[in-house]
Amino acid sequence: MAHRVTLIPGDGIGPELAEATRRVLDATGIEFEWEVVDAGEAMIAAHGTPLPDGVLESIRRNKVAIKGPITTPVGEGFRSVNVTLRQALGLYANLRPARSMQGVVTRFSDVDLVIVRENTEDLYAGIEHRVGRDAAESIKIITREASERIARFAFEYAVANGRRKVTAVHKANIMKLSDGLFLESARTVAADYEGRVEFEDRIVDNMCMQLVQKPELYDVLVLPNLYGDIVSDLAAGLVGGLGVAPGANIGTEAAVFEAVHGSAPKYAGQNKANPTALILSGALMLRHLGHPDTAWRLEDALRAVVAEGRSVTYDLGGNAGTSQFADAIIERLGASTPTGAAAAT
Ligand code: NAD
């Protein structure tokens, strides 16, 4: 039976990347029924909101969505659609793997990190106010419930994927109460996995330095929302930049798959942006839908095209467009065998 999936093209480079990703996913042989819904600034005129009710209803119904990036105005204007979606759907875990790819020139060749970012609270709770004319306050919310839930997600991910270690990242030396509670919660959960998955913690500034010096020492990192956002871009930089960094937002009722990068408005409509990050997010979606072998087949095809280097976008040193890159992956997929176990998984 076909998987019914909500597809949100997004804006900026989103629609081109979403189209490339949809074509590649269809070419895997897994059957999808795409329900395309729009969100973002262009919706405001007709719906009075950048996130029309129909979008949330579609995701709640289908339980799985893949989305292109959506622009958020800086400083003023509407609240981030991306953040609102994650909070409204309770997508508490943001999973962002960063793995080196042959053919992508970087300083390290053996990076294999998984960032697990808490997705619902911290400074992203959106509780901000001005104090008079010349000051402003943002409230950082950390709860035991959300911290233990994200730590458990990280450990369960480690167990399910054969990973050896979870590192909790914090600034509990300074924010003794909020980050202190995050660390205490991670330690509580870690005790349940003793002997199965190693546990350690790092202060976030030290973590950043260590990651750019010896990333091979780290495996799965679990972080509160803001540090998770920043450190996942750092990890993306280690493996070739935002063009190749996939992500997933996972909750108990739904999952939304999206690239780490934003809408890169300056490249919109030019058939120029790299579709790798969204296609790899599609591979994460295939695993979530119970097709791990097909996900590997898709990643292998993508990696082969990148390693060959003839049909890649500008950011990977090539001059192919978004759609030609997707065509090359589809051609590779066609050359591998979508039969037997792989097709059935
Ligand atoms: P960005 O990720 O959109 O772009 C930064 C730069 O990275 C680009 O100028 C480009 O040089 C490069 N880049 C990004 N994606 C690329 C790709 N696929 N291929 C090739 N190069 C790529 O970050 P930004 O400029 O800070 O944000 C632009 C907008 O996107 C903002 O409105 C921001 O709020 C929004 N945003 C949305 C999401 C999301 O939808 N989840 C995430 C991050 C940012």
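Residues numbered from 1 in each chain as written. Predicted model: local features only at pLDDT ≥ 70, side-chain atom pairs only at ≥ 80, totals over all residues. Heavy atoms only, no water.

J.: Honestly, the packing of aromatic side chains in this entry has me stumped. Any pointers?
T.: Each aromatic ring pair is summarised here by two numbers: the centre-to-centre distance and the angle between the ring planes. Considering all chains together, one arrives at five aromatic pairs under this definition. Between tyrosine 267 and tyrosine 314, the ring centres sit 5.1 Å apart and the planes meet at 50°, which makes this aromatic pair tilted. With tyrosine 267 in the loop between strand 12 (255–258) and helix 9 (276–288) and tyrosine 314 in the loop between helix 10 (292–308) and helix 11 (322–335), this residue pair connects regions lying 47 residues apart in the sequence. Relative accessible area serves as the criterion here: at 18%, tyrosine 267 is assigned to the buried category. Taken together through their ring pairs, the aromatic side chains of Phe155, Tyr193 and Phe199 make up a single cluster. Geometry around tyrosine 218 places lysine 165 over its ring, the cationic atom sitting 4.9 Å from the centre. Positioned over the ring face of tryptophan 296 is arginine 287, at 4.5 Å from the centre of the ring. (Phe/Tyr/Trp six-rings, centres within 6.5 Å; stacked < 30°, edge-to-face > 60°. Helix = DSSP H or I, 4+ residues; strand = E, 2+ residues; numbered from the N terminus. Buried < 20%, exposed > 50% of the residue type's maximum accessible area, 1.4 Å probe, protein only. Lys NZ or Arg CZ within 6 Å of the ring centre and 35° of its normal.)

J.: Just checking my understanding: could you explain the pairing of strand 2 (residues 32–36) for this structure?
T.: Look at any regular strand and the pattern is simple: side chains alternate between the two faces of the sheet. As judged from the five bridges shared by strand 1 (residues 3–8) and strand 2, these two strands associate in the parallel manner. Note that in strand 2 the partner of arginine 4 across the bridge is glutamate 33. Regarding the hand of the β-α-β motif, the stretch spanning strand 1, helix 1 (residues 14–26) and strand 2 is right-handed. (Pairing = 2+ DSSP bridges. Right-handed = clockwise from strand over helix to strand, strands pointing away.)

J.: Please explain the environment of isoleucine 174 as it appears in this structure.
T.: By secondary structure assignment, the location of isoleucine 174 is in the loop between strand 8 (165–170) and helix 6 (178–191). Classification of isoleucine 174 as exposed rests on a relative accessible area of 56%. The spatial distance from the C-alpha of isoleucine 174 to the C-alpha of proline 224 is 15 Å, given a sequence separation of 50 residues.

J.: What is the right way to look at the confidence of the model for the protein chain in this model?
T.: One rule of thumb: low pLDDT means the predicted coordinates there are not for detailed reading. Summarising the model, the protein chain shows a mean pLDDT of 94, and 97% of its residues fall at 70 or more. Predicted confidence is poor over residues 339–345, with pLDDT under 50, and the contacts of this stretch with residues over four places away or in other chains come to 13 contacts. (pLDDT = per-residue confidence, 0-100. Contact = heavy atoms within 4.5 Å.)

J.: Help me understand the nonpolar core in this model?
T.: Within soluble globular proteins, side chains that are nonpolar tend to cluster in buried spots. By size, the foremost hydrophobic cluster in this structure holds 86 residues, and its most contacted members are Phe32, Ile66, Val116, Leu221, Met285, Leu298 and Ile329. Counting 16 residues, the second-largest nonpolar core is a separate cluster that includes Ala39, Val55, Ile59 and Leu89. (Core = buried A, V, L, I, M, F, W, Y, C linked by side-chain atoms within 4.5 Å.)

J.: Can you help me understand the sheet that holds strand 12 in this one?
T.: Within a sheet, adjacent strands bond to each other through the backbone by hydrogen bonds, running parallel or antiparallel. If you trace the 10 strands from one edge of the open sheet to the other, you get 2-1-3-12-11-4-5-10-8-9, paired in mixed fashion. Strand pairing shows two members of the sheet lacking a second neighbour, strand 2 and strand 9 (198–203), which therefore form its edges. Strand-to-strand twist in this sheet, taken as the mean axis angle between neighbours without regard to direction, amounts to 25°. In terms of strand pairing, strand 4 (residues 93–99) meets strand 5 (residues 112–118) through seven bridges, oriented antiparallel. What sits directly across from alanine 98, in strand 5, is leucine 113. Its contacts with the sheet place helix 5 (residues 144–160) against strand 4, strand 5, strand 8, strand 9, strand 10 (220–223) and strand 11 (248–250), and it is angled at close to 155° to strand 5. (Axes fitted to C-alpha atoms, helices over the stretch in contact; angles between N-to-C directions.)

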